[in-house]
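Structure at a glance
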Amino acid sequence: MVYLTRKIEFSASHLYHNPAFSAEENRRVFGKCNNPHGHGHNYVLEVTVAGEPDPATGMVLDLKELKEILQREVTDRMDHRFLNYEVPELAGQIPTCENIAAVIWRLLEPRITRGHLNRVRLYETPDLFVDCYGEGNGAGAPAGGGR
Amino acid sequence: MKLHLWRRYRFSASHRLHSAQLGEDENRRVYGKCNNPYGHGHNYVVEAAFSGPVDEATGMIANLADLDAFVEREVVEPFDHKYLNEEIEEFRAHVPTTENICIEIFHRLTRFPRARLERVRVEETGLNSFEYAGEPAGATHE
């Protein structure tokens with residue numbers, strides 16, 4: 001099994017606010033992330049696909065194809081967007097790194113037709129990131145915990 | 001959905017690699033310049049991964065304010081700007097290699113009450129790093 005990882009970046013804004021909470025509770029739970037005007041990040045996404053290289057091409061999947069999938073499913077949807085209002089897949093959810101990573105997993109997983117999606121790693125900042133392994137059906141060993 | 005929340009922390013500390021189980025010559029041979037009796041220091045980076053259900057009300061595995069306060073109290077405050085050999089109890093008995101630092105930090109962070117610790121990664125410098133995910137079920141760790 002070989003694991004290949006492709007990285008992209010996108011920039012987007014968001015805010016954390018739960019309408020079921022009072023204004024004071026929102027401020028207490030979410031802190032400065034509750035600023036009603038929102039704020040933004042340069043997100044870095046690392047997508048890992050696992051599979052056996054095709055004997056004819058030597059590739060797990062064509063990186064060009066993966067690049068196009070990431071452009072269509074992630075960049076076109078999320079880059080330079082206000083995630084709360086402009087990404088329907090996040091409607092009704094707080095757009096935390098956890099929830100965005102899970103949405104990206106669900107968008108990508110059915111599009112990867114050669115090999116299989118192994119891990120989605122989403123950096124909100126260099127100091128905060130989330131790994132998503134889907135439903136964790138145990139398909140293959142996870143990519144290394146490090147870079 | 002299986003998710004791991006990773007958070008990165010930093011501390012700077014000094015240490016000396018010297019084993020009481022080895023002679024002076026052997027210590028010098030094994031540890032080289034890291035055996036310098038005056039010690040030396042590093043800017044350490046710690047990454048910790050936690051898992052658990054994502055709270056629907058907050059979208060979070062763990063509130064970062066809670067997590068940061070916990071890690072600050074358990075690791076950053078006791079380790080930062082300290083001489084690890086003398087000022088961390090564990091390293092009076094064990095050599096403070098980054099392997100052992102990684103294991104000690106893992107044990108400290110398993111006490112976080114709001115999520116399950118999955119893995120700890122420690123960079124001693126940008127060129128070397130160590131990871132520890134606990135022992136497999138049934139195994140014992142000395």
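Predicted model only: the values in this text are computed from it and were never measured. (Residues numbered from 1 in each chain as written. Chains lettered and ligands numbered in written order. Predicted model: local features only at pLDDT ≥ 70, side-chain atom pairs only at ≥ 80, totals over all residues.)

What about the overall build of chain B?
Across its full length, chain B carries five helices and five strands. Helices (α) and strands (β) of chain B occur, in sequence order from the N terminus, as β-α-β-α-β-α-α-α-β-β. Projected onto the principal axes, the alpha-carbon positions of chain B cover approximately 60 × 35 × 25 Å. Residue burial in chain B is summarised as follows: out of 142 residues, 30% are buried. (Helix = DSSP H or I, 4+ residues; strand = E, 2+ residues; numbered from the N terminus. Buried ≥ 20, exposed ≤ 12 C-beta atoms within 10 Å, placed from the backbone.)

As for the interface of chain A and chain B
Between chain A and chain B, the contact holds 24 residues from the first and 21 residues from the second. With five residues, strand β5 (residues 128-132) of chain A is the largest single contributor of residues to the side of chain A that touches chain B. Taken together, the residues of the side of chain A that touches chain B sort by class into eleven nonpolar, nine polar and four charged. Where β5 of chain A lies against strand β1 (residues 3-15) of chain B, five bridges are found, and the strand directions are antiparallel. Counterpart to D131 of chain A in the pairing with β1 of chain B is H4 of chain B. (Contact = placed C-beta atoms within 7 Å. Nonpolar A, V, L, I, M, F, W, Y, C, P; charged D, E, K, R; others polar. Pairing = 2+ DSSP bridges.)

Here's the deal with unusual backbone geometry
Even without being glycine, H80 of chain A reaches a positive phi, approximately 60 degrees. Secondary-structure assignment places H80 of chain A in the loop between α2 (63-78) and β3 (81-82). Look at H80 of chain A and you get exposed, because 11 C-beta atoms sit within 10 Å. Here the phi dihedral of H81 of chain B falls at roughly 60 degrees; this positive angle occurs in a residue that is not glycine. Along the chain, H81 of chain B falls in the loop between α2 (64-79) and β3 (82-83).

Points about the packing of α2 of chain A against helix α4 (residues 97-108) of chain A
Residues and elements named next belong to chain A. At a minimum axis distance of 10 Å, the contact between α2 and α4 shows a crossing angle of 130 degrees. Classified by the angle between their axes, α2 and α4 sit oblique to one another. In terms of crossing hand, the pair formed by α2 and α4 is right-handed. Note on element contacts: α4 touches α2 through I104, L107 and L108, opposite I69, E73 and V74. Taken together, the residues of the contact of α2 with α4 break down into five nonpolar, no polar and one charged. (Axes fitted to C-alpha atoms, helices over the stretch in contact; angles between N-to-C directions. Parallel < 35°, antiparallel > 145°, perpendicular 65-115°, else oblique. Left-handed = near helix turned anticlockwise from the far one by under 90°.)

Describing α2 of chain B
All names here are of chain B. Helix geometry: α2 is bent most strongly at E72, by close to 50 degrees. Turning to α2, the residues buried within the fold contact β1, β2 (40-51), β3, α3 (84-87) and α5 (98-109). Looking one or two places after α2, you find H81, whose phi comes out positive at around 60 degrees. (Bend = angle between axes of the 7 residues up to and from the residue.)

Observations regarding the environment of A133 of chain B
Residues and elements named next belong to chain B. Residue position: A133 is located in the segment after β5 (128-132). For A133 and A48, which are 85 residues apart along the polypeptide, the C-alpha to C-alpha distance reads 9.8 Å. The contact partners of A133, leaving out residues within four places of it in the chain, are E118 and R119.

Observations concerning the nonpolar core
Here is a general trend for soluble globular proteins: nonpolar side chains tend to be buried in one another's company. Counting residues in hydrophobic clusters, the biggest one holds 61 residues, and the most contacted among them are A101, I104, L122 and V130 of chain A together with I105 and V120 of chain B. The greatest single-element share of this core, amounting to eight residues, is contributed by α4 of chain A. The contacts of A101 of chain A, once residues within four sequence positions are left out, are V120, L122, V130 and C132 of chain A together with L3 of chain B. The next biggest cluster of nonpolar side chains, apart from the first, holds five residues, and it includes L15, Y16, F30 and I94 of chain A. (Core = buried A, V, L, I, M, F, W, Y, C linked by C-beta atoms within 7 Å.)

Here we look at the pairing of β1 of chain B
Residue and element names in this part refer to chain B. Relative to β2, β1 is paired through twelve bridges, and the arrangement is antiparallel. Paired with Y9 across the bridge in β2 is V46. With two bridges joining them, β1 and β3 adopt parallel strand pairing. Counted as the bridge partner of A13 is K82 from β3.

Examining the packing of α2 of chain B against α5 of chain B
All names here are of chain B. Axis separation between α2 and α5 bottoms out at 10 Å; the angle between their running directions is 145 degrees. Of the two possible hands of crossing, α2 and α5 adopt the one that is right-handed. Where α2 abuts α5, its residues V71, E74 and V75 lie against I105, R108 and L109. Its residues assigned to classes, the contact of α2 with α5 comprises four nonpolar, no polar and two charged.

Details of the confidence of the model for chain B
The predicted model of chain B has a mean per-residue pLDDT of 95, with 97% of residues at 70 or higher. Complex prediction metrics read pTM 0.90 and ipTM 0.87. (pLDDT = per-residue confidence, 0-100.)

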